[in-house]
Amino acid sequence: MGKQSSAWITMQKKKRWQLMILVLFTLSTAMLFFIRSTANSCNTSSITTKTTTTATHFNSDEEKASNPLNFMKSKLVLLVSHELSLSGGPLLLMELAFLLRGVGAEVVWITNQKPNELDEVIYSLEHKMLDRGVQVLSAKGEKAINTALNADLVVLNTAVAGKWLDGVLKDKVSQVLPKVLWWIHEMRGHYFKLEYVKHLPFVAGAMIDSYTTAEYWKNRTRERLGIRMPETYVVHLGNSKDLMDIAEDSVARRVLREHVRESLGVRDDDLLFAIINSVSRGKGQVLFLHSFYESLQLIREKKLQVPSMHAVVVGSDMNAQTKFETELRNFVAEKKIQDHVHFVNKTLTVSPYLASIDVLVQNSQARGECFGRITIEAMAFQLPVLGTAAGGTMEIVVNGTTGLLHPAGKEGVTPLANNIVKLATHVERRLTMGKKGYERVKDRFLEHHMSQRIALVLKEVLQYAKIHQPQSHS
């Protein structure tokens, strides 16, 4: 009787879970796109962590006791973000805030740049933090200064956040620098300005999203600005518990797959290649569509037998990128592939689309992604990844094992087209790569792994602050 009751309860929970997913997806399609484009972390010196398949989450008392961030209990942590938006940097910092609140740290949030008018996204995100016990302060004023002086740890998020130091702390900057951890996500050259990062050599440490990006910052700051990097740590991110719960629930994935495919007007056995990023030239959507068109031509010329193929561009926004969006649509119309290309507006969650596609294309150009969190999210859904051989993607995707890499730029168009054909024509290889990617995520890209890596960094930063910190301030 007890077993039957337990089974019934489990079944009811499963039904509610499926319903919640459908409701979430239906609502999210009318909302903003949760863009996880860049987030990650790196360490050029002292972070070498063992891979583990330990459970990611801390639900039971025993798991909470084993949380590697427990030493942060009762610590005062100030988080300074250059902005508050649905982009990678701020959302990553919010995740850190919630991880620290989960172990009992006192967490204070400051957004340095806010619009004068009411912003619904900022309002929503601030209240989400307040609901989780994170204090939200104005960027300026005595309260912000006193919090910085009394904090055990100050985390600056992105290079641009460096403007807050002089702008607010003024002559008290030197008292705060020894306890600053600078979390940098940028890879573009225009962020290398002395006005942003002149204090970088004097902070306790820098945390960067990939080894590639850390090396780039080390060389660029020395050659262009004539300054040295502080102790630099690489901290690869991990997938959230919520995402892993959906990725590992076959029923949830099937429900989402059916719903999304129906909304796109594609069949269950059609092949979907998706690029999931904010639409911009740097993310490579136009080059992806060129490759996709070329792959259709190759299949037709070689008379290959494959299911109907579709390209899905998730992250479309005609208002923000009108010229570029028009260019994408004009190309599709010119090549007469409207029946094979689908544009999806910005949405709040990527899980429904990861559940519905067959292959993720990570086509970021130039130096690539600093990390590219969507890549590990796709691998959690057992999807192979076709990525550019640049940036953090090379630290995630094992070429030939969990996906295939191609060059960035126009020279990568034909190699990507060939890789699309390879995965379209070799079902077993596609499925095997997806399984290998999932195993790699379980081995090193879970929330628990991220917590362990961040914990190692925070311990060293706290130790540095203890040694170098001036007398305490009231």
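Nothing here was measured: the structure is a model prediction, and the numbers come from that model.

Student: Summarise the overall build of the chain; cite the residues concerned and give the values.
Tutor: Regarding its fold elements, the chain presents 19 helices and 14 strands. Of all 474 residues assigned to the chain, the portion counted as buried reaches 56%. When contacts within the chain are restricted to residue pairs at least 6 apart in sequence, those whose partners lie at least 24 apart make up 80%. Put simply, the chain shows about 20800 Å² of open surface, and 51% of that area lies on carbon and sulfur atoms.

Student: With reference to specific residues and values, describe the nonpolar core.
Tutor: Membership of the largest hydrophobic core comes to 77 residues, with the highest contact counts inside it found for Leu-79, Leu-153, Ile-276 and Leu-354. Per-element accounting of this core gives the leading share, nine residues, to helix α3 (residues 88-102).

Student: Just give me the short version of the pairing of strand β2 (residues 76-81), but keep the residues and values in it.
Tutor: Of all six residues that make up β2, six are buried, and the element is covered over most of its length. Residues Leu-76, Leu-78 and Val-80 of β2 are buried on one face, and the alternating residues Val-77, Leu-79 and Ser-81, pointing to the opposite face, are buried as well. In this sheet, strand β3 (residues 106-111) lies alongside β2 in parallel orientation, the contact comprising six bridges. Paired with Ser-81 across the bridge in β3 is Thr-111. For the crossover that starts at β2, traverses α3 and ends in the parallel β3, the hand is right-handed. Where β2 meets strand β5 (residues 153-157), five bridges bridge the pair, whose relative direction is parallel. Paired with Ser-81 across the bridge in β5 is Asn-157.

Student: Before we move on, can you summarise the packing of helix α12 (residues 285-301) against helix α13 (residues 322-334) with the specific residues and values?
Tutor: Contact geometry for α12 and α13: axes closest at 10 Å, N-to-C directions at 5 degrees. Judged by the angle between their axes, α12 and α13 are roughly parallel. The residues of α13 that touch α12, namely those facing Gln-285, Val-286, Leu-289, His-290 and Tyr-293, are Phe-324, Glu-327, Leu-328, Phe-331 and Val-332. Looking at side-chain class alone, the contact of α12 with α13 contains seven nonpolar, two polar and one charged residues.

Student: Can you explain helix α9 (residues 211-225)? Please cite residues and give values.
Tutor: Between the first and last C-alpha of α9 there are 20 Å, a value that for 15 residues agrees with the 21 Å anticipated at 1.5 Å per step. Every buried residue belonging to α9 is among Thr-213, Ala-214, Tyr-216, Trp-217, Thr-221 and Leu-225, and all of these are buried. Viewed end-on, α9 has its buried residues packed into an arc of 160 degrees, placing them on one side of the element. Looking one or two residues past α9, Gly-226 carries a phi angle of roughly 70 degrees, positive in sign.

Student: Explain the pairing of strand β12 (residues 359-362) residue by residue, including any values.
Tutor: Taking every second residue as pointing to the same face, both faces of β12 are buried, with Val-359 and Val-361 on one and Leu-360 and Gln-362 on the other. Where strand β9 (residues 271-276) and β12 come together, two bridges link them in parallel fashion. If you follow Ala-274 over to β12, its bridge partner there is Leu-360. Where β12 meets strand β13 (residues 385-388), three bridges bridge the pair, whose relative direction is parallel. When the bridges of β13 are listed, Gln-362 appears paired with Gly-387. Running through helix α15 (residues 373-380), the crossover from β12 to the neighbouring parallel element β13 is right-handed.

Scoring rules and cut-offs
- Residues numbered from 1 in each chain as written.
- Predicted model: local features only at pLDDT ≥ 70, side-chain atom pairs only at ≥ 80, totals over all residues.
- Heavy atoms only, no water.
- Helix = DSSP H or I, 4+ residues; strand = E, 2+ residues; numbered from the N terminus.
- Buried < 20%, exposed > 50% of the residue type's maximum accessible area, 1.4 Å probe, protein only.
- Contact = heavy atoms within 4.5 Å.
- Areas by Shrake-Rupley, 256 points an atom, 1.4 Å probe, with all protein chains shown as cover.
- Core = buried A, V, L, I, M, F, W, Y, C linked by side-chain atoms within 4.5 Å.
- Pairing = 2+ DSSP bridges.
- Right-handed = clockwise from strand over helix to strand, strands pointing away.
- Axes fitted to C-alpha atoms, helices over the stretch in contact; angles between N-to-C directions.
- Parallel < 35°, antiparallel > 145°, perpendicular 65-115°, else oblique.
- Nonpolar A, V, L, I, M, F, W, Y, C, P; charged D, E, K, R; others polar.
- Expected span 1.5 Å × (residues − 1).
- Arc of directions from axis to C-beta.

Nothing here speaks to function; it is geometry throughout.
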